[in-house]
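Observations on chain architecture
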Amino acid sequence: MAVGKEIRGKIKSVENTKKITKAMEMVAAAKMRKAQDRMRAARPYSDKIRNMAANLSQANPEYRHPFLVKSEGAKTAGFIVVTTDKGLCGGLNTNVLRAVTAKLRELEGQGVKSEAVAIGNKGLGFLNRIGAKVVSHATQLGDKPSLDKLIGPVKVLLDAYAEGRLSAVYLCYTRFINTMKQEPMVQQLLPLSAEAMTADAPAPGSANHSWDYIYEPDAATVIDELLVRYTEALIYQAVAENIASEQSARMVAMKSATDNAGNVIAELKLIYNKTRQAAITKELSEIVAGAAAV
């Protein structure tokens, strides 16, 4: 019964794997709820600071912050690539990195070089493999991303754009839609889009429209600080969305792995029973044949 013993070993191995994937599914489900709550809690702040930035940028038209002005002479684009630190989350990272690769090729065809900031181990490894220029990175952010850990690496690209060395900065992440669907995004972060900033802002001439501000210390200082905070809020929101997407994708992937392990166990047990039955039948045949010969 050497074959039967080998099959029993396989069944035991798959059962152990099933226990691990089931535990990972339950952990991901618990983390997913917390990540979704954190992501939804950050959305009102992002919306409010966007409206304030839109109002202030239009209230003082004589001053234009560098983040609002497109750098025409620059031939380099910046990328902030947000991925996960760990795997086992289905095609989440693959989809967003495929979108990043397509954008890099498009810009390369236009003669534009690229620099990147990697947030997450998977994106860092991918960018290094394809030979992209990684100017900074942030990894091991954990389940609760801290803005302090994000500001340093990202500030390298923001300062480069403010100095006119970058033509644009793109934010690449996975947007959370629902538990079963996550969408890879490659959106332009800088220069700040007027359409995005004024999406929920009051229209000129409406009843809620009032841009009469008193600045302290002065308009330029207030707008500078606010637009930097606005940009940082967009990046934090992208990281929060990516973490919620990661936990959802991991939960779905682990559930699929658990179901597949159950199917494999059922097939192996069927094979084991057939093998055992064949062995018993053979022994009975040999006994009957021996008795007949005697």
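So, how was this worked out
- Residues numbered from 1 in each chain as written.
- Predicted model: local features only at pLDDT ≥ 70, side-chain atom pairs only at ≥ 80, totals over all residues.
- Heavy atoms only, no water.
- Pairing = 2+ DSSP bridges.
- Helix = DSSP H or I, 4+ residues; strand = E, 2+ residues; numbered from the N terminus.
- Axes fitted to C-alpha atoms, helices over the stretch in contact; angles between N-to-C directions.
- Buried < 20%, exposed > 50% of the residue type's maximum accessible area, 1.4 Å probe, protein only.
- Right-handed = clockwise from strand over helix to strand, strands pointing away.
- Expected span 1.5 Å × (residues − 1).
- Arc of directions from axis to C-beta.
- Contact = heavy atoms within 4.5 Å.
- Phe/Tyr/Trp six-rings, centres within 6.5 Å; stacked < 30°, edge-to-face > 60°.
- Parallel < 35°, antiparallel > 145°, perpendicular 65-115°, else oblique.
- Left-handed = near helix turned anticlockwise from the far one by under 90°.
- Nonpolar A, V, L, I, M, F, W, Y, C, P; charged D, E, K, R; others polar.

As for the sheet that holds strand β5 (residues 181-190)
Strand order in the open sheet formed by five strands is β3-β2-β1-β4-β5, and the pairing between neighbours is mixed. Each edge of the open sheet is held by one strand with a lone partner, namely β3 (133-138) and β5. In this sheet, adjacent strand axes meet at a mean angle of 20° when their direction is disregarded. As judged from the nine bridges shared by strand β4 (residues 168-178) and β5, these two strands associate in the antiparallel manner. Note on β5: the bridge partner recorded for leucine 171 is glutamine 187.

Some remarks on the pairing of β4
Two faces belong to every sheet, and in a regular strand the side chains alternate between them. With respect to burial, β4 is a largely interior element, eight of its 11 residues being buried. Pairing of strand β1 (residues 76-82) with β4, which is carried by five bridges, proceeds in the parallel orientation. By the bridge assignment for β4, glycine 78 is matched with valine 169. In textbook terms, the turn of a hairpin is the stretch between consecutive antiparallel strands, and for β4 and β5 this stretch comprises two residues.

What about the pairing of β1?
Of all the seven residues making up β1, seven are buried; the element is thus mostly covered by neighbouring parts of the structure. Burial of β1 is two-sided: the residues Thr76, Gly78, Ile80 and Val82 facing one way and the residues Ala77, Phe79 and Val81 facing the other way are all buried. Across seven bridges, β1 lies against strand β2 (residues 113-119) in parallel orientation. For valine 82, the partnering residue across the bridge sits in β2 and is isoleucine 119. Handedness of the crossover is the feature at issue here: the chain leaves β1, passes through helix α2 (residues 92-109), returns alongside β2, and the resulting connection is right-handed.

Some remarks on α2
With 18 residues, α2 extends 27 Å between its outermost C-alpha atoms, agreeing within 8% with the 26 Å of an ideal straight helix rising 1.5 Å per residue. Three or more residues of α2 are buried, namely Leu92, Asn93, Val96, Leu97, Val100, Lys103, Leu104 and Leu107. Viewed end-on, α2 has its buried residues packed into an arc of 120°, placing them on one side of the element. Projecting away from the buried face of α2 at angles above 90 degrees are the exposed residues Arg98, Arg105 and Gly109. Each element contacted by the buried residues of α2 is listed here: β1, β2, α3 (121-129), β4, β5 and α6 (219-293).

Examining the side chain of threonine 258
Examined against the element boundaries, threonine 258 turns out to sit in helix α6. Ignoring any residue separated from it by four or fewer positions in sequence, one finds threonine 258 in contact with Lys18, Thr21, Lys22 and Glu25.

What about the packing of aromatic side chains?
Remark: the centre distance and the inter-plane angle together describe each pair of aromatic rings, the angle taken between the planes. Tallied over the full model, the rule gives two aromatic pairs. Between phenylalanine 79 and tyrosine 170, the ring centres sit 5.3 Å apart and the planes meet at 25°, which makes this aromatic pair stacked. Of this pair, phenylalanine 79 sits in strand β1 while tyrosine 170 sits in strand β4, placing them 91 residues apart in sequence. You can call phenylalanine 79 buried: its relative accessible area is 1%.

Some points on α3
Within α3, burial applies to Gly123, Leu124, Phe126 and Leu127. Summarising the axial view, the buried residues of α3 lie within an arc of 165°, below the 170-degree limit, and thus occupy one face. Once α3 ends, the next one or two residues include glycine 131, with phi positive near 80°.

Structural notes on unusual backbone geometry
The phi torsion of most residues other than glycine is negative, and most of the peptide bonds are trans. Proline 191 follows leucine 190 through a cis peptide bond whose omega is -5°. Tracing the backbone through its elements, the reader meets proline 191 in the loop between β5 and α5 (194-197). The phi dihedral of leucine 88 falls on the positive side, at around 60°, and the residue is not glycine. Residue position: leucine 88 is located in the loop between β1 and α2. With a phi angle near 55°, glutamine 140 is a residue other than glycine that sits in the positive phi range.

What to know about the packing of α2 against α3
Each pair of packed helices can be described by the angle between their axes along with the distance between the axes. Look at α2 against α3: their axes get within 11 Å of each other, and the N-to-C directions meet at 40°. As judged from the angle between their axes, α2 and α3 are oblique. Relative to α3, the crossing made by α2 is right-handed. Contacts from Asn93, Leu97 and Thr101 in α2 reach Lys122, Gly123 and Phe126 in α3. Along the lines of polarity and charge, the residues of the contact of α2 with α3 split into two nonpolar, three polar and one charged.

Bear in mind that shape data such as this cannot, by itself, settle questions of function.
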